[in-house]
Amino acid sequence: MSTAAVFNGDEVAPFFGFIGAAAALVFSCMGAAYGTAKSGVGVASMGVMRPELVMKSIVPVVMAGVLGIYGLIIAVIISTGINPKSKPYYVFDGYAHLSSGLSCGLAGLSAGMAIGIVGDAGVRANAQQPKLFVGMILILIFAEALALYGLIVGIILSSRAGQSRAD
């Protein structure tokens with residue numbers, strides 16, 4: 001008789017769960033990186049003409065950076081829920097974690113693209129017309145909300161894992 005712990009659940013299920021955790025982090029960080037780079041280029045370009053507005057125009061860069069944190073949160077939630085040696089982990093659970101990671105990650109990617117494009121154009125426009133600042137911030141908030149929706153749905157989907165069978 002072996003002293004190793006017995007594996008509970010489906011043997012391939014953790015693969016899907018771990019892919020979900022990776023997808024959440026990777027796609028969210030891709031969105032954060034794109035948003036930071038794209039809006040950072042706008043800040044640098046605008047800073048040549050109006051250096052006094054650089055700190056005020058850093059808002060899109062900060063908002064893009066938050067997207068990576070959303071992916072990190074979901075990745076940690078998912079990875080702490082995968083422990084098939086202590087609790088059965090079935091394919092349903094793996095798919096729940098996969099969908100959780102994809103919803104958060106892809107929402108973060110799309111929000112990062114929106115924040116980068118709006119941030120780039122917005123800080124350049126703000127340098128020419130300061131009255132555009134509030135409008136730019138509102139558009140950035142709505143773009144950030146897209147990633148927040150993905151985070152919320154990801155948390156809900158992740159909470160469904162473990163409910164596939166009555167144990």
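Rules used in this analysis
- Sequence order as written defines residue numbering, which begins from 1 separately in each chain.
- Note on the predicted model: pLDDT of at least 70 is required for a residue's local features to be given, and 80 or more for side-chain atom pairs to be given and counted; whole-chain, interface and lining totals, by contrast, use all residues.
- Only hydrogens and water are set aside; all other atoms, that is, all heavy atoms of the structure, feed into the side-chain values.
- As used in this record, nonpolar core signifies buried Ala, Val, Leu, Ile, Met, Phe, Trp, Tyr and Cys residues forming a set joined through side-chain atoms within 4.5 Å.
- Each residue's exposure class comes from its accessible area (1.4 Å probe, protein chains only) as a fraction of the maximum for that residue type: buried when under 20%, exposed when over 50%, partly exposed otherwise.
- Here a strand is any run of E in DSSP of at least two residues, a helix any run of H or I of at least four, and the numbering for each starts at the N terminus.
- Throughout, a contact is declared for two residues whenever any of their heavy atoms are within 4.5 Å.
- UniProt positions are given in the numbering used here, feature names are shortened, and annotations may be inferred rather than shown by experiment.
- Here the expected length of a helix is defined as 1.5 Å per residue gap, with one fewer gap than residues.
- Angles shown run from 0 to 180 degrees and are taken between the N-to-C directions of axes, each axis being a line fitted to C-alpha atoms and, for helices, limited to the stretch in contact.
- Angular relationships are summarised with four words: roughly parallel below 35 degrees, roughly antiparallel beyond 145, roughly perpendicular across 65 to 115, and oblique for the angles in between.
- As a working rule, the residues Ala, Val, Leu, Ile, Met, Phe, Trp, Tyr, Cys and Pro are called nonpolar, Asp, Glu, Lys and Arg charged, and the rest polar, with Gly in that last group.
- Only the six-membered ring of Trp is used, alongside the rings of Phe and Tyr, when aromatic pairs are assigned; centres must lie within 6.5 Å, and planes under 30 degrees apart are stacked while those over 60 apart are edge-to-face, with the rest tilted.

(A) View of the nonpolar core. The biggest cluster of nonpolar side chains holds 25 residues, and the ones touching the most others in it are Leu67, Tyr70, Ile74, Ile115, Met136 and Leu140. Looking at this core, the elements with two or more residues in it are α1 (13-49), α2 (59-80), α3 (91-128) and α4 (133-160). Not counting residues within four places of it along the chain, the set of residues in contact with Met136 comprises Val118, Gly122 and Val123.

(B) Inspection of the UniProt feature "domain: V-ATPase proteolipid subunit C-like" (unreviewed entry) in the protein at higher detail. UniProt marks residues 19-78 and 99-157 with the feature "domain: V-ATPase proteolipid subunit C-like" (unreviewed entry), using the numbering shown here. Along residues 19-78, the helical share is 85% and the strand share 0%, with 10 Å between the first and last C-alpha atoms. Counted over residues 99-157, helix gives 93% and strand 0%. Its end C-alpha atoms are 7 Å apart.

(C) Seen up close, the UniProt feature "transmembrane region" (unreviewed entry) in the protein. When the UniProt feature table is mapped onto this chain, "transmembrane region" (unreviewed entry) is found at residues 12-37, 58-78, 98-120 and 132-157. Secondary structure across residues 12-37 divides into 96% helix and 0% strand, with the first and last C-alpha atoms of the span separated by 38 Å. Secondary structure within residues 58-78 divides into 95% helix and 0% strand; the distance between the first and last C-alpha atoms comes to 32 Å.

(D) How the structure looks around α4. Look at α4: 41 Å from first C-alpha to last across 28 residues, which is about the 40 Å you get at 1.5 Å a residue. For α4, the full list of buried residues reads Phe133, Met136, Ile137, Leu140, Ala143, Glu144, Ala145, Ala147, Gly150, Leu151, Gly154 and Ser158. Among the residues trailing α4, Gly162 stands out with phi positive, at a value near 95 degrees.

(E) Here's a closer look at the packing of α1 against α2. Between α1 and α2, the least distance of the axes is 8 Å, while the angle of their chain directions is 175 degrees. As the angle between them shows, α1 and α2 are arranged roughly antiparallel. In terms of residue class, the contact of α1 with α2 is made up of 13 nonpolar, eleven polar and no charged.

(F) Up close: the packing of aromatic side chains. As enumerated under the stated definition, the model contains two aromatic pairs in all. Measuring from ring centre to ring centre gives 5.4 Å for Phe15 and Phe16, while their planes differ by 75 degrees; the resulting arrangement is edge-to-face. For Phe15, a relative accessible area of 53% corresponds to the exposed category. Summarising the aromatic geometry, the rings of Phe16 and Tyr95 are spaced 4.9 Å apart at their centres and angled 65 degrees between planes, so their arrangement reads as edge-to-face. Note that Phe16 is positioned in helix α1 and Tyr95 in helix α3, a separation of 79 residues in sequence.

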